[in-house]
Amino acid sequence: MSGIAMGCTRICARFFEYDTPKIVHIRSFKVGILYRFVQLVIIAYIIGVVMVYKKGYQEFDNVESTVTSKVKGVVMTNNSMLNSTGNDVRVWDTADYVVPPQENGAFFVTTNYIMTPDQEQGICPEQGATCTSDADCPAKSQSANGIRNGTCNTTTNTCNIYAWCPVETDMEPSVPMLQGTETFTVLIKNQIIFPKFGVRRRNILDSFATNNTYLSGCHYDPVTDPYCPIFRLGDIVRLAGENYTELAVKGAVMGFVIQWDCNLDLAVEKCRPKYSFRRIDNRDDVTAKGWNFRYANYWNVPGNSTTTIQKRTLIKAFGIRFIFYVYGTAGKFNFVPMATNLGAGLALLGLSVIVCDMILLYCTKKREFYHENKFVMVKDDDALLVEDSVKSNYSYRDFNHSDA
Amino acid sequence: MSGIAMGCTRICARFFEYDTPKIVHIRSFKVGILYRFVQLVIIAYIIGVVMVYKKGYQEFDNVESTVTSKVKGVVMTNNSMLNSTGNDVRVWDTADYVVPPQENGAFFVTTNYIMTPDQEQGICPEQGATCTSDADCPAKSQSANGIRNGTCNTTTNTCNIYAWCPVETDMEPSVPMLQGTETFTVLIKNQIIFPKFGVRRRNILDSFATNNTYLSGCHYDPVTDPYCPIFRLGDIVRLAGENYTELAVKGAVMGFVIQWDCNLDLAVEKCRPKYSFRRIDNRDDVTAKGWNFRYANYWNVPGNSTTTIQKRTLIKAFGIRFIFYVYGTAGKFNFVPMATNLGAGLALLGLSVIVCDMILLYCTKKREFYHENKFVMVKDDDALLVEDSVKSNYSYRDFNHSDA
Amino acid sequence: MSGIAMGCTRICARFFEYDTPKIVHIRSFKVGILYRFVQLVIIAYIIGVVMVYKKGYQEFDNVESTVTSKVKGVVMTNNSMLNSTGNDVRVWDTADYVVPPQENGAFFVTTNYIMTPDQEQGICPEQGATCTSDADCPAKSQSANGIRNGTCNTTTNTCNIYAWCPVETDMEPSVPMLQGTETFTVLIKNQIIFPKFGVRRRNILDSFATNNTYLSGCHYDPVTDPYCPIFRLGDIVRLAGENYTELAVKGAVMGFVIQWDCNLDLAVEKCRPKYSFRRIDNRDDVTAKGWNFRYANYWNVPGNSTTTIQKRTLIKAFGIRFIFYVYGTAGKFNFVPMATNLGAGLALLGLSVIVCDMILLYCTKKREFYHENKFVMVKDDDALLVEDSVKSNYSYRDFNHSDA
């Protein structure tokens, strides 16, 4: 046999070997019961918590989502009586009360407003802070609506300001100017995707998508119509535990939560949205309570000569801002997380031996018996010399006197 | 030697000990082959799947992103012929067709519209639903565009409503009013950051950033110009597999996906965006198909006496809403996940011993031989007494008769 | 004893057994030191890195957030001197400079602008590109602002275009038209939730929420007022290391980062926001530097006969776009991740035995002594026959001659 072949054979021989730990198998009622109990707890934890409860056998992915919304409804403003001539009647439709007309992931519905029509740039008395002489109105100082020109207006006893005149009368109406906005409906279209799994779903279920009759007539109800994509604003606020009329006065920010929790190991049709609603802004805010903002419509009118004068209608809009939150996780069986979790679980099982060994070797009467059986004592020649009364019983295999 | 010093020495002696499991080393062709095969499968899984495929040696971070967009292009509306006088010609520029002028993470381009100019509040007949007498028009009931005043208009045979008059004629044009919007270009600026690694990238590559000539002339093409940040709207829609003219009539919602998948163990220059496009809204929707919304421009005109009358131009805009989705993960070598994955992998390796032991001890002819070699049988005095015919061969070390 | 009872007893007997690996306990100074050192490194890693630094004992959750903002401040435009008559003075308030009036997760403040009032549809010479004859102006070709009608305007030597006339003079002012926008303040309201833990926080601390005096007077300062929710725009830009006046000319995109890193094992009051700011757009951009966009206000004026003419005021707005980024993670003690990390850690501890065994069995003089003690050599009858000079010393327990 040549040297190379022999070397190869030796390597091959090494390959067909099997190492298995030598096990001390102890028949003992007490120890056995302890061992099985610890094992049971760990296995119950691995199966019950890691695998079943936390779905450790699944790979997870978060939802990616698009929400579009469309509000419908017409109301009349409060400040006029419905009369046959139509004077003083003002109807508000979607283009009037949804500002801006589209937003990414949110929509706003005006419920109350202060309108200041036909403002133009000029000098006029400010609202609020009183003055008695020009000294109270330092020139170029800034007020809420404009910049003081240094004079005190003797009629109103307030400073004159450069501003859009006349300035807004910031008297908030105590009832919402738009009555009946709670009957507005909003159609929500939510398309989602779980990119890792390539699964797409939408909130309008396939069974409804072809059924225009159902979709055009239904209204969301958590019990009777949980999958209808049309929501009454009043319902949303009520389900969030709030009072619509109260919110409508000062405005509010509402969260429109769409939850997609899907187990993709089941039928994909079971992957359905769950809606919930909550108020986002704080009821007890002391600064800037509620939700409002100002915007204006601008136009020009012919001026005295070649120039034109810019005019605007200022609107302070109070209303409810609905913000969409789409959460969701999908889980699907995958070998990698399962193996990782099992591996970590197996390692934990090792704990049961550690625990029992501790008790066996340190806390039982027969600890010397067990120690002797579990351990092969080997002493190297550089071992520290110890007068070890406890272990003097154990017979060490000593290197110097080894039978090797 | 004092007691304290002795105690210390003993503790020190305990410290310089080494515990290693006693191993039964079996030379066997069959068992060896099985053992190595199971080991191989597990190692291949750890290296191949966990480490290489799932990059288990890396720490991951998700992208945080900002996208801004700027649309360019001018078109004329369809409803007029190009003639030298310019009458009836209407040119649409960016300020006209991008509504609202800026959005966070999205932009909208009008492709079709219904314009109802010079509306004012009043009473006028509604569109659609016919009536024969006032009884068909209950007062204060809500119609699509306004609120009924209780009378039936004898000319149009529809109910009279309080509304912005004249009401919109909801006849959708069957061809897009804005012709040529597919030639519009949009410049996309996408800045990203992987916060955990502090790595920042942008979609305009550094090599292009200083090359204004390339940037001002290029158009994105998945093959020839995959990193050009200027996109033709028509290309986007085409690459999503849709027909632009079809979308332009009713509007649509398009996803503009920017994918950053970066291996930061490689050169950071290789961390580049990948663009893809998909239609978000459903082609087969029965309710509110496509994408449209209404907005209005408001101004006041002098009224009969001291008051002014508010007028508005209502626009129902159909168009394509592009929503940005920036996904991405960066991976970088990190010891912690590597160690965690290796640890779980090592624990899995323990499986190979478990599997082989099972077979060796229960399924082979020589199971008694192996059993005897693997196990040291110890019997405590509280062990259940069993007439164990199978194992009667094994010599138990009995506590009562132990040589301890 | 019946067969069934006996079977049961035997199964029960199997249950009360305990398997513990037989351990070779080696007393050796050198090996002990190596073993303890490797163990120490691994334990230090598990405790120090996995548990303490990476908080491996906690479950984590990402923040979900809502941000609303409200800008306050009034300025006058630069193009006029403050004079007592108010002519040419233009005051800008929130409704003027915040466009659009509300955005989801962002806000924009105009700092500079080019206003082109009273545009109407018509034919007028374009800006820029010169022409000498009609041949230079191909009909229907598109220019920056309109569409050429095929004629060259002999006065301006530029092509005539169908456009909103007069076209915008794109001469960017070199100083911001709105002076003093850096004194504007913005009130930020940020409500967050860690959904997994059900913990809600907001950036307005509870201790401040009832203290209107503090809130109405404070301004954010990273040192003295780190929790004041009112920010001066100038401070934001300064803290991001930028020059406000520079940004105000061309516009910019700023990131307004709110960081919530909460250890929910501590008092929930310690879960507080940390603000930071950074510039998002690139200072050295060659295309579309800064941030600007065009929008327009539309109105109609009476035309020659029954029709009306649409007019608009075009505004090219330069300004600073603030985008909110709310990041954050909350950690809370949870048994599952702790057990998973401990399990993986325990498995890693196995490495210390592997490392020491390697050295002991292959790299020490006494390797045969250790080998003999660690291994029980068993040879099956299908083992490859090897003339193993090294291991010939070891006494194999041979199946054929086994004492079983």
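The structure presented is a predicted model; accordingly, all values stated were derived computationally and were not measured. (Residues numbered from 1 in each chain as written. Chains lettered and ligands numbered in written order. Predicted model: local features only at pLDDT ≥ 70, side-chain atom pairs only at ≥ 80, totals over all residues. Heavy atoms only, no water.)

1. Quick word on the relation of the copies chain A and chain C
For the record, the criterion: Here the copies are matched by least squares. The fit uses the C-alpha atoms of residues with pLDDT of at least 70 in both.
Each copy of the sequence occupies a distinct position, and chain A is placed on chain C by a rotation of 120° and an axial shift of 0.0 Å, giving an RMSD of 0.1 Å. These values place the two chain copies in the arrangement generated by a three-fold rotation axis.

2. Some details on the interface of chain A and chain B
Stated precisely, the cut-off is as follows: By definition in these notes, contact holds between two residues if any of their heavy atoms fall within 4.5 Å. Defined in terms of a 1.4 Å probe, buried area is the accessible area two parts forfeit on being brought together, summed over both. Whenever a carboxyl oxygen of Asp or Glu lies within 4 Å of a side-chain nitrogen of Lys or Arg, that contact is scored as a salt bridge. We define a polar contact as two N or O atoms separated by no more than 3.5 Å, with the added condition that, inside protein, one atom must be a possible hydrogen donor and the other a possible acceptor, whereas residues neighbouring each other in sequence contribute only through side-chain atom pairs. The secondary structure listing takes helices from DSSP runs of H or I that are at least 4 residues long and strands from runs of E that are at least 2 residues long, numbered from the N terminus. Note that Gly is not counted as nonpolar here; it falls among the polar residues with everything else outside the nonpolar set of Ala, Val, Leu, Ile, Met, Phe, Trp, Tyr, Cys and Pro and the charged set of Asp, Glu, Lys and Arg. At least two DSSP bridges between two strands are needed for those strands to be called paired.
Facing the 85 residues of chain A at the interface are 103 residues of chain B. On the chain A side of the contact with chain B, Tyr18, Arg27 and Gln102 of chain A bury the most area, a combined 12% of that side's loss. For the pair chain A and chain B, the number of links is 3 salt bridges. Ionic pairing is found between Lys54 of chain B and Glu59 of chain A, a salt bridge with its closest N-O pair at 3.1 Å. On the surface where chain A and chain B come into contact, there are 32 residue pairs in polar contact (both at pLDDT 80 or more). At 9 residues, the largest contribution of residues to the side of chain A that touches chain B is made by helix 8 (residues 335-363) of chain A. Each residue belonging to the side of chain A that touches chain B can be placed in one class, and the counts come to 39 nonpolar, 25 polar and 21 charged. Bridge count between strand 1 (residues 17-21) of chain A and strand 2 (residues 23-27) of chain B: 5 bridges; the pairing is antiparallel.

3. Overview of the packing of helix 8 of chain A against helix 9 (residues 367-374) of chain A
Residue and element names in this part refer to chain A. Convention followed: Only the contacting stretch of a helix is used when fitting its axis, a line to C-alpha atoms as for every element, and angles between N-to-C directions run 0 to 180 degrees. In these notes the angle categories are as follows: under 35 degrees is roughly parallel, over 145 is roughly antiparallel, 65 to 115 is roughly perpendicular, and the rest is oblique.
In contact at an axis separation of 7 Å, helix 8 and helix 9 are set at 125° when each is read in the N-to-C sense. On the basis of the axis angle, helix 8 is oblique to helix 9. Residues Asp357, Leu360, Leu361 and Tyr362 of helix 8 form the contact with helix 9, whose participating residues are Arg367, Tyr370, His371 and Lys374. The residue inventory of the contact of helix 8 with helix 9, partitioned by class, reads 4 nonpolar, 1 polar and 3 charged.

4. Re the side chain of Gln119 of chain B
Residues and elements named next belong to chain B. The condition is simple: Buried means the residue's accessible area, taken with a 1.4 Å probe over protein chains only, is under 20% of the maximum for its type, while exposed means over 50%, and partly exposed covers the values in between.
Along the chain, the position of Gln119 falls in strand 7 (residues 106-130). Taking the relative accessible area as the measure of exposure, Gln119 reaches 1% and is therefore buried. Within the structure, Gln119 has its side chain in polar contact with the side chain of Arg312 (distance 2.7 Å).

5. Quick notes on the interface of chain A and chain C
Accessible area lost upon the coming together of the parts serves often as the stated size of an interface. Taken residue by residue, the interface counts 103 residues in chain A and 85 residues in chain C. Summing the contributions of chain A and of chain C, the shared interface buries around 8200 Å²; its carbon and sulfur component is 56%. At the boundary of chain A with chain C, the tally comes to 3 salt bridges. Asp96 of chain C is the partner of Arg312 of chain A in a salt bridge, and the nearest nitrogen-oxygen pair spans 2.8 Å. On inspection of chain A and its partner chain C, the count reaches 33 residue pairs in polar contact (both at pLDDT 80 or more). If you tally residues by element for the side of chain A that touches chain C, the top one is helix 8 of chain A, at 9 residues.

6. Observations regarding the pattern of salt bridges
Summed over all chains, the structure comprises 39 salt bridges over all chains. Residue Glu120 of chain B pairs with Lys311 of chain B through a salt bridge whose shortest N-O separation is 3.3 Å. Highlighted residues: Glu120 of chain B in strand 7 and Lys311 of chain B in strand 16 (residues 308-333), separated in sequence by 191 residues. By relative accessible area, which is 26% here, Glu120 of chain B ends up partly exposed. A single salt-bridge network, built from bridges that share partners, covers Glu242, Arg279, Asp281 and Arg283 of chain A.

7. With respect to the pairing of strand 7 (residues 106-130) of chain C
Residue and element names in this part refer to chain C. Bridge count between strand 7 and strand 16 (residues 308-333): 12 bridges; the pairing is antiparallel. Each residue of the ladder has a partner; that of Glu120, found in strand 16, is Lys311. In the sheet, strand 7 pairs with strand 9 (residues 158-165) via 7 bridges, with the strands oriented antiparallel. What sits directly across from Gly122, in strand 9, is Ala163.

8. What about the packing of aromatic side chains?
Test applied: Stacked, tilted and edge-to-face are the three classes applied to pairs of Phe, Tyr and Trp rings, where Trp contributes its six-membered ring and a pair requires centres within 6.5 Å; stacked means planes under 30 degrees apart, edge-to-face means over 60, and tilted covers the rest. Any Lys NZ or Arg CZ found within 6 Å of a ring centre and within 35 degrees of that ring's normal is scored as a charge over the ring.
Applying the stated criterion to the full structure yields 60 aromatic pairs over all chains. Each ring, one from Phe256 of chain A and one from Tyr275 of chain A, has its centre 6.2 Å from the other, and the planes form 80°; the classification is edge-to-face. Highlighted residues: Phe256 of chain A in strand 13 (residues 252-263) and Tyr275 of chain A in strand 14 (residues 273-279), separated in sequence by 19 residues. With respect to burial, Phe256 of chain A and Tyr275 of chain A carry one shared label: buried. Members of the aromatic cluster, connected to one another through ring pairs, are Phe107, Tyr220, Phe231, Phe256, Tyr275, Phe277, Phe322 and Phe324 of chain A. Here Arg278 of chain A stacks its cationic end above the ring of Tyr325 of chain A, 5.7 Å away from the centre of that ring. In this structure, Arg90 of chain B is placed above the aromatic ring of Trp92 of chain B, and the distance from its NZ or CZ to the ring centre is 4.5 Å.

9. Concerning the pairing of strand 2 of chain B
Most of strand 2 of chain B is tucked away: 5 of the 5 residues are buried. With burial as the criterion, each face of strand 2 of chain B is covered, one bearing Ile23, His25 and Arg27 of chain B and the other bearing Val24 and Ile26 of chain B.

10. Some points on the confidence of the model for chain A
All names here are of chain A. Let me state the cut-off plainly: Per-residue confidence from the predictor is reported as pLDDT, which spans 0 to 100.
Scored by pLDDT, chain A has a mean of 84; 88% of the residues are at 70 or more. For chain A, the element scoring lowest by mean pLDDT is strand 18 (residues 397-398), at 59; helix 6 (residues 233-239) scores highest, at 96. Counting interchain partners and residues more than four positions distant, the pLDDT-below-50 stretch residues 80-87 has 14 contacts. The ipTM for the predicted assembly is 0.83, set against a pTM of 0.86.

11. Focus: the state of the cysteines
Here is the rule we go by: Note on disulfides: each one is a pair of cysteine sulfur atoms within 2.5 Å.
Evaluated as defined, the whole model comprises 15 disulfides over all chains. A sulfur-sulfur separation of 2.0 Å characterises the disulfide bridge that pairs Cys137 of chain A with Cys159 of chain A. Disulfide Cys137 of chain A-Cys159 of chain A: torsion about the S-S bond near -85°, hence left-handed. Residue Cys137 of chain A is located in the loop between strand 7 (106-130) and strand 8 (147-153), and its partner Cys159 of chain A is located in strand 9 (residues 158-165); the two are separated by 22 residues in the primary sequence. The exposure class of Cys159 of chain A is buried, given its relative accessible area of 4%. Put simply, Cys218 of chain C and Cys228 of chain C are joined by a disulfide, and their sulfur atoms are 1.9 Å apart. The sign of the 80° torsion about the S-S bond sets the Cys218 of chain C-Cys228 of chain C disulfide as right-handed. Placement of Cys218 of chain C in the loop between helix 5 (212-217) and strand 12 (230-232) and of Cys228 of chain C in the loop between helix 5 and strand 12 is noted, with a sequence separation of 10 residues between them. For Cys218 of chain C, a relative accessible area of 6% puts it in the buried group.

12. Here we look at the packing of helix 2 (residues 29-53) of chain B against helix 8 (residues 335-362) of chain B
All names here are of chain B. Rules: Helix crossings get a hand from a simple test, with the near helix turned counterclockwise from the far one by less than a right angle marking a left-handed crossing and a clockwise turn marking a right-handed one.
As a packed pair, helix 2 and helix 8 sit with axes 9 Å apart at the nearest point and diverge in direction by 160°. As judged from the angle between their axes, helix 2 and helix 8 are roughly antiparallel. The two elements helix 2 and helix 8 cross, and the hand of that crossing is right-handed. For the contact of helix 2 with helix 8, a count of residues per class yields 21 nonpolar, 4 polar and no charged.

13. A word on the environment of Trp299 of chain A
Residues and elements named next belong to chain A. Note on placement: Trp299 falls in strand 15 (residues 292-302). Exposure remark for Trp299: the relative accessible area of 2% places this residue in the buried category. Considered as a pair, Trp299 and Thr156 are 143 residues apart in the sequence and their alpha carbons are 29 Å apart.

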